[in-house]
Amino acid sequence: EVQVYVPYWHDGNRSRTHAARYEIYHQNGSNVVVVDQHAVSYSTWISLGRYNFTTGTNGYVLVHDAAYISGNHTDPSDFTNARTVIADAVRWRRVN
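Residues numbered from 1 in each chain as written. Predicted model: local features only at pLDDT ≥ 70, side-chain atom pairs only at ≥ 80, totals over all residues. Heavy atoms only, no water.

(A) Up close: the overall build of the protein. On a plain count of helices and strands, the protein comes out with 0 helices and 6 strands. Its helices and strands in sequence order give the protein the pattern β-β-β-β-β-β, from N to C terminus. The buried share among the 96 residues of the protein stands at 29%. Partitioning the contacts of the protein with sequence separation of at least 6, the portion at a separation of at least 24 is 67%. By element, 46% of the accessible surface of the protein is carried by carbon and sulfur atoms, the whole surface being about 6,200 Å². (Helix = DSSP H or I, 4+ residues; strand = E, 2+ residues; numbered from the N terminus. Buried < 20%, exposed > 50% of the residue type's maximum accessible area, 1.4 Å probe, protein only. Contact = heavy atoms within 4.5 Å. Areas by Shrake-Rupley, 256 points an atom, 1.4 Å probe, with all protein chains shown as cover.)

Below is the structure:
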């Protein structure tokens, strides 16, 4: 299982994005998971799902700095309403 750590922020997460994009590269390809960091009310680990990884390969997680989904959220060129993407930690938990 792949998890990301989203810490609580001093402004109560009001400046956090509703659409942080995480791209998980694993044994079978890649998946994109969108996390609403704005909804996090305390520091926590959030699951990005369960994937197979082969020992010694190049599996990884990419955090995108574009916190925007067309038609749903703030225009990224409008810096007065911009949202912040927080990337603190990623962990892999073995699940049998």
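(B) Summary view of the sheet that holds strand E1 (residues 2-6). Read across the open sheet, the 3 strands follow the order E4-E1-E6; overall the sheet is antiparallel. What marks the edges here is a single partner per strand, and that holds for strand E4 (44-49) and strand E6 (89-92). Pairwise comparison of adjacent strand axes, ignoring direction, gives a mean angle of 30° for this sheet. Sheet topology note: the E1/E4 ladder contains 5 bridges and is antiparallel. Residue pairing across strands places Gln 3 opposite Ser 47, the latter belonging to E4. (Pairing = 2+ DSSP bridges. Axes fitted to C-alpha atoms, helices over the stretch in contact; angles between N-to-C directions.)

(C) Here's a closer look at the nonpolar core. Membership of the largest hydrophobic core comes to 13 residues, with the highest contact counts inside it found for Tyr 22, Ile 24 and Leu 48. Counting residues per element, the ones that place at least two in this core are E1, strand E2 (20-26), strand E3 (29-35) and E4. Those residues in contact with Leu 48 that sit more than four places away from it in its chain are Val 2, Gln 3, Val 4, Tyr 22, Ile 24, Val 33, Val 35 and Val 61. (Core = buried A, V, L, I, M, F, W, Y, C linked by side-chain atoms within 4.5 Å.)

(D) Up close: the sheet that holds strand E5 (residues 60-63). Ordered in space as E3-E2-E5, the 3 strands form an open sheet in which the pairing is antiparallel. With partners counted over all chains shown, the strands left at the sheet margins are E3 and E5, one partner each. Strand-to-strand twist in this sheet, taken as the mean axis angle between neighbours without regard to direction, amounts to 20°. By the bridge criterion, 4 bridges tie E2 to E5 in an arrangement that is antiparallel.

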